[in-house]
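The lines below spell out each chain.
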Amino acid sequence: MVSAQKGQVRVITGNATGAYGAMLCRPDVIAAYPITPQSEIAEQLAQFKADGVIDSEFVEVEGENSAMNVVLAASVAGGRVFTATSSYGLVFMYDALQETSGFRAPVVMVNANRETPGIHAVSSGQQDMISARDAGWVQIITENDQEILDQIIMAYMLAEDNDILLPVMVNYDGFYLSYLAEAVEIYQIEDVDKFLAPLKKQSPRQKLVPGVSQGCGTHGMEMGYVEARYKHTQAMERVKNKVDEIDKKFGDYFGRYYGGQIEEYRTDDADIIIIASGSATGTARTVIDAKREQGIKVGLIKLRLFRPFPAERLIQALKGKKAIGVIDRSICFGWKYGPICMELKVLTQELGSVPILSYIDGLANLDITIPHIGRVVDEVNEAAKGKPYQDVTWIPMEE
Amino acid sequence: MVIKHKNIFKTQSAWSNADEKMLCLDTGSWRTSRPVLDKDKCNYCGLCALFCPPQCMNDMGDHYEANLDFCKGCGICANECPRKAITMVPEGEFTDG
Amino acid sequence: MVETTKKRNRVFDYFCQDEQFAGGVAWCAGCPMELIARLTPKVLGKNMIFVGTPGCAAPVLHGQNIGAWHRMAYLASVMTGVPSKATGLSRYYNRIGQDATVVCFTGDGCATDVGFQPLSGAAERQEKFIYLAYDNEGYMNTGNQRSSATQIGAATTTTPVGKIGKGKSNAQKNMPMIMLMHKPTYMATATVSHLEDFIKKLQKAKEKSKEGFVYLHLFSPCPVGWRIDSSKVIEVCREAVRTNYFPLWEAENGKPRITVNVANPKPILEFTKLMRKYSHLKEDGLAELQKQVDERYALLKTLVNAGT
């Protein structure tokens, strides 16, 4: 496959990158409602439209629930769609999120992670993504601005694959990435067209056409319901390998690989592993390197795919490790552990009796700092040596 | 897991398809009385057919007749007929019910 | 034999499409909404695609597993998403040049209550589709609970009559007037007793929906919930018009005009006596209802005259 030409490097915020990502994929219909910290995406897309950079239908809806319904319907009718939200907006569209995944509409949405109401907050946190984890969507978490762009392109490749046909939520830390300007390579739109071209070669997916006697959203009665749910979970399972495949294709073509479901950083010879996600992974890498200098054999797993949970890749990467520390940027109601840690603990049979330490940090825009992660490494290291350890630690509460 | 279920949907999610399966209810079995037309009084104005909610009146050229497979016996035709040409007669008086 | 007209009633000439529904569907005997649902595609013609939602219409408009009760394409939605889904459809079909008449088919519960926000949004944006609300003044499919379209004094299961309760204690939302304030490209009130008026409005709705937002408010009394003898349903619609309980009017770009003029409106009793929904009302209750009807009509008349 001929590789893409070099694109233009711009210094732009995470939000602007989200808009560029959408623009490069030529959506038919975009709907957006402003919410901090995502409003800039809607503004940038509106500016693109006003300047003739995109010719997509742009609907300035009166609420996020409407935004999701607009793009769901356009997707069911056969179009490529895009929307963006955060926090309260995500939970406001919760009924539409369920319909979107239930109808198997390949919607791509960008979610700027922010704390979710329960406690009113305008600050970064992954609670919004967590609160929607049972909506039946694919959820992927990105670390930096370039990855936002790349993941949006990969998201269409995943969502619109006839083998998958699931909506994809691309997450990035609000405030940390949304307003952070970094150097981002913006590919040539023709190269993105070429990358996504295989989607057009598929047989056209089921779509709603006036005059054709088919209806979307029929009542699922008894086994009809069960069958549709079963097919949905099977598609979720297929997402895992597909994410790895697409990552490889993307890397071959554009020159950037992200590891697929998870990225493994210095894990091969590591004794202990730290698992993190989102922008905190960048900080974690620094700590891993520093600790390695001190002789601690620590590795990092960056969790990219959250839904479906990348169980197989994690089991493989964690085999033989002596202790694991999981940093969660959210909380799990009903379990004392953080959500990612809690889900990892499901794999006790495969992982054996390895200590898994849960750390809750980075809520409400409080930074996950180098000393914090340093402490995590030290404590996990002690646990690996058989010393007693704390099951779950709320780092900010201990400061 | 050994799957014995035979797929109901050809699609991945729940879509209905009228070409594959058109449903129809035996609503004619609901009624307790049926419309009976006095043809001498009928002037083919068509109001009975237009106002019939299930739209089950058949055009017989110079009068209308209810399709008894679907007539629910609501009585609107009888009530609306400007010439009172239709009477609702209890089902008990017929043997073809 | 009376001399027949020998010519078919001219209203049939408005129909440009065959019956789209199965002969027997599970709508109550005498339901005017069944008449509305069956007539609408006959008038709007092919390429009608509709968005349906839970309510009386859904059990027939939506399918059951792979089976369907009609031949039209449809998109099912929960009540909060109907006009937004219609927006997505109409925007996309417009973009690809696909001919489509997108119709939202909802009850008053969706239109005036839980689905009002997106309806208002779509109207303000002048999205190109038809929103048809069949108004049976309550949540009838779930057993006659009150909605904001329920009129003052009405007995419903959530505003029942008892030792203390006297039915609904506040007046209904004047939904057609609210939609008028959005200045839709076209809007109209209609009912099935005045068929030609209804059908002409449907045709105009189709034409105008190519330019902008269209709102149709259909008076659709529920024989079961309102306790009307099923044979009297059309008569109830007629009396609603003749008492000014439900005036028939239309508006293009926010300028209303009355389409069926009622020279001498009958007292509201002529309407309420046909149903048991209001049978508990004493003189004061009836007077209050009459006052609501009169005030509402006066407001409409003022706006109609202001436009000239």
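Keep in mind that what you see is a predicted model, and the values were worked out from it rather than measured.

> Would you mind showing me how to read the overall build of chain B here?
For chain B, the count of helices and strands is two helices and five strands. Tracing chain B from N to C terminus, the helices and strands come up as β-β-α-β-β-α-β. What you see for chain B is a C-alpha radius of gyration of 20 Å, clearly larger than the 13 Å of a compact globule of 97 residues, by over 25%. Sorting the 97 residues of chain B into buried and exposed places 44% on the buried side. Taking the intrachain contacts of chain B between residues at least 6 apart in sequence as the baseline, contacts between residues at least 24 apart amount to 66%.

> What's the story with the domain arrangement of chain A in this structure? I'm lost.
Buried accessible area, meaning the area lost when the parts come together, often serves as the stated size of an interface. All names here are of chain A. Domains assigned within chain A are domain 1 (8-254) and domain 2 (262-398). Each of domain 1 and domain 2 has a C-alpha centre, and these two points are 28 Å apart. Counting from both sides, the interface comprises 25 residues of domain 1 and, opposite them, 21 residues of domain 2. Within the residue set of the side of domain 1 that touches domain 2, elements represented by two or more residues are helix H6 (127-131), strand E6 (138-141) and helix H9 (223-254). Ranked by the residues each element gives to the side of domain 1 that touches domain 2, the list is headed by H9, at five residues. By residue class, the composition of the side of domain 1 that touches domain 2 is 12 nonpolar, seven polar and six charged.

> I'm lost on the pairing of strand E7 (residues 249-252) of chain C in this one. Help?
Residues in a regular strand project their side chains so that they alternate between the two faces of the sheet. Residue and element names in this part refer to chain C. In this sheet, E7 lies alongside strand E5 (residues 186-191) in antiparallel orientation, the contact comprising three bridges. Across the sheet, the residue bridging to Tyr186 is Glu252, located in E7. As defined by bridge partners, E7 adjoins strand E8 (residues 255-258) across four bridges and the pair is classed as antiparallel. Residue pairing across strands places Trp249 opposite Ile258, the latter belonging to E8.

> Would you mind showing me how to read the interface of chain C and chain A here?
Each partner contributes to the interface: chain C provides 34 residues, whereas chain A provides 36 residues. Elements represented by at least two residues in the side of chain C that touches chain A include exactly strand E1 (48-52), strand E2 (73-76), helix H3 (82-96) and helix H5 (116-124) of chain C. Counting residues per element, the side of chain C that touches chain A draws most heavily on H3(C), which supplies nine residues. Where strand E9 (residues 214-216) of chain A and E2(C) come together, two bridges link them in parallel fashion. Within E2(C), the position partnered with A:Gly215 by the bridge is C:Tyr74.

> Just checking my understanding: could you explain the nonpolar core for this structure?
When a protein is soluble and globular, its nonpolar side chains tend to lie buried together. Of all hydrophobic cores here, the largest spans 249 residues; its most connected members are A:Val71, A:Leu158, A:Val168, A:Ile274, C:Leu89 and C:Leu216. Among the elements that line this core, the one with the most residues is helix H7 (residues 145-159) of chain A, at 10 residues. With residues up to four places along the chain from it excluded, the contact list for A:Leu158 reads A:Val138, A:Ile164, A:Val168, A:Val239, A:Lys242, A:Val243 and A:Ile246.

> Please explain the sheet that holds strand E14 (residues 323-328) of chain A as it appears in this structure.
Strand-to-strand pairing in sheets goes through backbone hydrogen bonds, with the strands running parallel or antiparallel. All names here are of chain A. Across the sheet, six strands lie side by side as E10-E12-E11-E14-E15-E16; this open sheet has mixed pairing. Two strands lie at the open edges of the sheet, namely strand E10 (262-265) and strand E16 (392-394), each paired on one side alone. On average, adjacent strands in this sheet sit at an angle of 20 degrees to one another, irrespective of strand direction. Where strand E11 (residues 272-276) and strand E12 (residues 298-303) come together, five bridges link them in parallel fashion. When the sheet's bridge partners are listed, Ile273 is paired in E12 with Gly299. Those strands touched by helix H10 (residues 280-293) are E10, E11, E12 and E14, and its axis lies near 170 degrees from that of E12.

> Any chance you could explain the environment of A:Arg307 here in plain terms?
All names here are of chain A. Turning to its location among the elements, Arg307 is positioned in strand E13 (residues 305-307). Taking the C-beta count within 10 Å as the criterion, Arg307 has 21 such neighbours and is therefore assigned buried. As for Arg307 and Glu147, which are separated by 160 residues in sequence, their C-alpha atoms are 18 Å apart. Ignoring any residue separated from it by four or fewer positions in sequence, one finds Arg307 in contact with Arg133, Trp137, Val138 and Gln139.

> I keep staring at the environment of C:His62 and nothing clicks. Help me out?
Residue placement: C:His62 occurs in the loop between helix H2 (58-61) and E2. A residue is classified by how many C-beta atoms lie within 10 Å of it, and C:His62, with 24 of them, is buried. With residues up to four places along the chain from it excluded, the contact list for C:His62 reads A:Gly215, A:Gly217, A:Thr218, A:His219, C:Gly52, C:Tyr74 and C:Ala76.

> Sorry if this is basic, but what is going on with the interface of chain B and chain A here?
If you look at the interface, chain B gives 13 residues, while chain A gives 18 residues. Tallied by class, the residues present in the side of chain B that touches chain A amount to five nonpolar, seven polar and one charged.

> Explanation requested: the sheet that holds E9(A) in the structure shown.
Taken in spatial order, the 10 strands of this open sheet run E1(B)-E9(A)-E2(C)-E1(C)-E3(C)-E4(C)-E6(C)-E5(C)-E7(C)-E8(C), and their pairing is mixed. Of all the strands in the sheet, just strand E1 (15-17) of chain B together with E8 of chain C have a single pairing partner and so form its edges. Adjacent strand axes in the sheet meet at a mean angle of 20 degrees when their direction is disregarded. Relative to the sheet, H3(C) contacts E1, E2, strand E3 (101-107) and strand E4 (130-135) of chain C, its axis offset from that of E3(C) by approximately 175 degrees.

> Even after reading the chapter, I still don't get the pairing of E14(A), so can you show me in this structure?
Residues and elements named next belong to chain A. For E14, the buried fraction is high: six of the six residues fall into the buried class. Alternating positions in E14 separate into two faces, Ala323, Gly325 and Ile327 on one and Ile324, Val326 and Asp328 on the other, with burial throughout. Judged from the four bridges that link them, E11 and E14 form a sheet pairing that is parallel. Paired with Ile273 across the strands is Ile324, a residue of E14.

> What is the right way to look at unusual backbone geometry in this model?
The general pattern is negative phi for most residues beyond glycine and trans for most peptide bonds. Residues and elements named next belong to chain A. Along the chain, Thr36 connects to Pro37 via a cis peptide bond; the corresponding omega equals 5 degrees. On the secondary structure map, Pro37 appears in the loop between strand E2 (29-32) and helix H2 (39-50). Geometrically, the link from Arg307 to Pro308 is a cis peptide bond, its omega value of -5 degrees lying close to zero. Considering the arrangement of structural elements, one finds Pro308 in the loop between E13 and helix H11 (311-318). Positive phi values are uncommon outside glycine, yet Arg26 reaches one of about 55 degrees. The exposure class assigned to Arg26 is partly exposed, which follows from the 16 C-beta atoms found within 10 Å.

> Help me out: how do you make sense of the packing of H7(A) against helix H8 (residues 189-201) of chain A in this one?
Residue and element names in this part refer to chain A. Remark: H7 packs on H8, axes separated minimally by 9 Å, with the N-to-C direction vectors making an angle of 15 degrees. It follows from the interaxial angle that H7 and H8 lie roughly parallel. Classified by chirality, the crossing of H8 by H7 is right-handed. Side by side, H7 and H8 meet where Ile153, Tyr156 and Met157 of the first sit next to Val192, Phe195, Leu196 and Leu199 of the second. The residue inventory of the contact of H7 with H8, partitioned by class, reads seven nonpolar, no polar and no charged.

> Help me understand H9(A), please; the structure alone is not making it clear to me.
Because each turn of an α-helix spans 3.6 residues, side chains separated by three or four positions in sequence point in the same direction. All names here are of chain A. Taking 1.5 Å per residue as the helical rise, H9 with its 32 residues ought to reach 46 Å, and the 44 Å between its terminal C-alpha atoms agrees with that figure. At Lys240, H9 shows its maximal kink, close to 30 degrees. Among the structural elements, E6, H7 and E13 are those in contact with the buried residues of H9. At the exit of H9 stands Gly255, carrying a positive phi of roughly 90 degrees.

Analysis parameters
- Residues numbered from 1 in each chain as written.
- Chains lettered and ligands numbered in written order.
- Predicted model: local features only at pLDDT ≥ 70, side-chain atom pairs only at ≥ 80, totals over all residues.
- Helix = DSSP H or I, 4+ residues; strand = E, 2+ residues; numbered from the N terminus.
- Rg over C-alpha atoms; globule rule 2.2 N^0.38 Å.
- Buried ≥ 20, exposed ≤ 12 C-beta atoms within 10 Å, placed from the backbone.
- Contact = placed C-beta atoms within 7 Å.
- Domains from an automatic or database assignment.
- Nonpolar A, V, L, I, M, F, W, Y, C, P; charged D, E, K, R; others polar.
- Pairing = 2+ DSSP bridges.
- Core = buried A, V, L, I, M, F, W, Y, C linked by C-beta atoms within 7 Å.
- Axes fitted to C-alpha atoms, helices over the stretch in contact; angles between N-to-C directions.
- Parallel < 35°, antiparallel > 145°, perpendicular 65-115°, else oblique.
- Left-handed = near helix turned anticlockwise from the far one by under 90°.
- Expected span 1.5 Å × (residues − 1).
- Bend = angle between axes of the 7 residues up to and from the residue.

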